[in-house]
Amino acid sequence: MVTGAALLCAIMTGRIRHALLLDACSASLGLETTGGIMTKIIERNTTIPTKRSELFTTDSSNQGTMFLHIVEGESERASQNRSLAVLELTDLPPRWDSFRSLLPRIPDPADGSDST
């Protein structure tokens, strides 16, 4: 971090020219899935801004509520990572023929925006 700050200062003052600094995620971001496993969506050291998504399904047919537990960290166990948010999706329409699919999108960690 100190090296990055020193480089940024040198670029801003004009002592270094023609340099490009890239921000990166310091930890992986993902969702807790069945069995308490963390499914990584954005891997650690991914340059930002970035946008990733992955298709998930409910645990059973006709499930009316779904919880999304967003975590940050490197452990395979969601409980051993840092909890960022828990979102509850309610009033999902019934669906008997197959499981409900969900495509969560984690927004750009740099500014929190999600322009699609």
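To start, this report covers the structure provided alongside it.

Quick notes on the rules
Residues numbered from 1 in each chain as written. Predicted model: local features only at pLDDT ≥ 70, side-chain atom pairs only at ≥ 80, totals over all residues. Heavy atoms only, no water. Helix = DSSP H or I, 4+ residues; strand = E, 2+ residues; numbered from the N terminus. Buried < 20%, exposed > 50% of the residue type's maximum accessible area, 1.4 Å probe, protein only. Contact = heavy atoms within 4.5 Å. Areas by Shrake-Rupley, 256 points an atom, 1.4 Å probe, with all protein chains shown as cover. Patch = residues over 30% accessible without salt bridge, like charges linked within 9 Å, V, L, I, M, F, W, Y side chains within 5 Å. Salt bridge = Lys/Arg side-chain N within 4 Å of Asp/Glu carboxyl O. Core = buried A, V, L, I, M, F, W, Y, C linked by side-chain atoms within 4.5 Å. Pairing = 2+ DSSP bridges. Axes fitted to C-alpha atoms, helices over the stretch in contact; angles between N-to-C directions.

1. Points about the overall build of the chain
Working step 1: Scanning the chain for helices and strands turns up one helix and 10 strands.
Working step 2: In sequence order, the secondary structure elements of the chain are arranged as α-β-β-β-β-β-β-β-β-β-β.
Working step 3: By the burial criterion, 28% of the 116 residues in the chain qualify as buried.
Working step 4: Contacts in the chain between residues far apart in sequence, at least 24 positions, make up 54% of those at least 6 positions apart.
Working step 5: Accessible area for the chain stands at about 8,100 Å²; split by element, carbon and sulfur atoms hold 54% of it.

2. Comments concerning a nonpolar patch on the surface
Working step 1: Taken together, the side chains of L7, L8, M12, I16 and L21 present a nonpolar region at the surface, about 440 Å² in accessible area.
Working step 2: In this fold, I16 is placed in the loop between α1 (2–13) and β1 (23–24).
Working step 3: Relative accessible area serves as the criterion here: at 31%, I16 is assigned to the partly exposed category.

3. Overview of the nonpolar core
Working step 1: By size, the foremost hydrophobic cluster in this structure holds 10 residues: C25, L29, L31, I41, I42, I48, F56, M66, L68 and L92.
Working step 2: Elements with a minimum of two residues in this core: β2 (29–33), β3 (37–42) and β7 (66–72).

4. A few points about the environment of P49
Working step 1: Note on placement: P49 falls in the loop between β4 (47–48) and β5 (52–53).
Working step 2: Linking P49 and C25, residues 24 residues apart in sequence, is a C-alpha distance of 9.1 Å.

5. Structural notes on unusual backbone geometry
Backbone phi values are negative for most residues with the exception of glycine, while trans is the configuration of most peptide bonds.
Working step 1: Here the residue pair I48 and P49 is connected by a cis peptide bond, since its omega of 10° sits within 30 degrees of zero.
Working step 2: Here the phi dihedral of H18 falls at roughly 60°; this positive angle occurs in a residue that is not glycine.
Working step 3: Along the chain, the position of H18 falls in the loop between α1 and β1.
Working step 4: With phi around 70°, N45 is a residue other than glycine that occupies positive phi space.
Working step 5: Relative to the helices and strands, N45 resides in the loop between β3 and β4.
Working step 6: Given a relative accessible area of 53%, N45 falls into the exposed group.

6. Here's the deal with the pattern of salt bridges
Working step 1: Here the structure, examined in full by the defined rule, presents two salt bridges.
Working step 2: Residue E74 is joined to K40 by a salt bridge in which the shortest nitrogen-to-oxygen separation is 3.4 Å. Residue E74 is found in the loop between β7 and β8 (82–89), and its partner K40 is found in strand β3; the two are separated by 34 residues along the sequence.
Working step 3: Residue K40 is classed as partly exposed on the basis of its relative accessible area, which comes to 28%.

7. Observations concerning the sheet that holds β2
Working step 1: The four strands lie next to each other as β3-β2-β7-β8, forming an open sheet whose pairing is antiparallel. Each edge of the open sheet is held by one strand with a lone partner, namely β3 and β8. Pairs of neighbouring strands in the sheet enclose a mean axial angle of 30°, with direction left out of account.
Working step 2: With five bridges joining them, β2 and β3 adopt antiparallel strand pairing. Paired with G30 across the two strands is K40, which belongs to β3.

These values are about where atoms sit, not about what they do.
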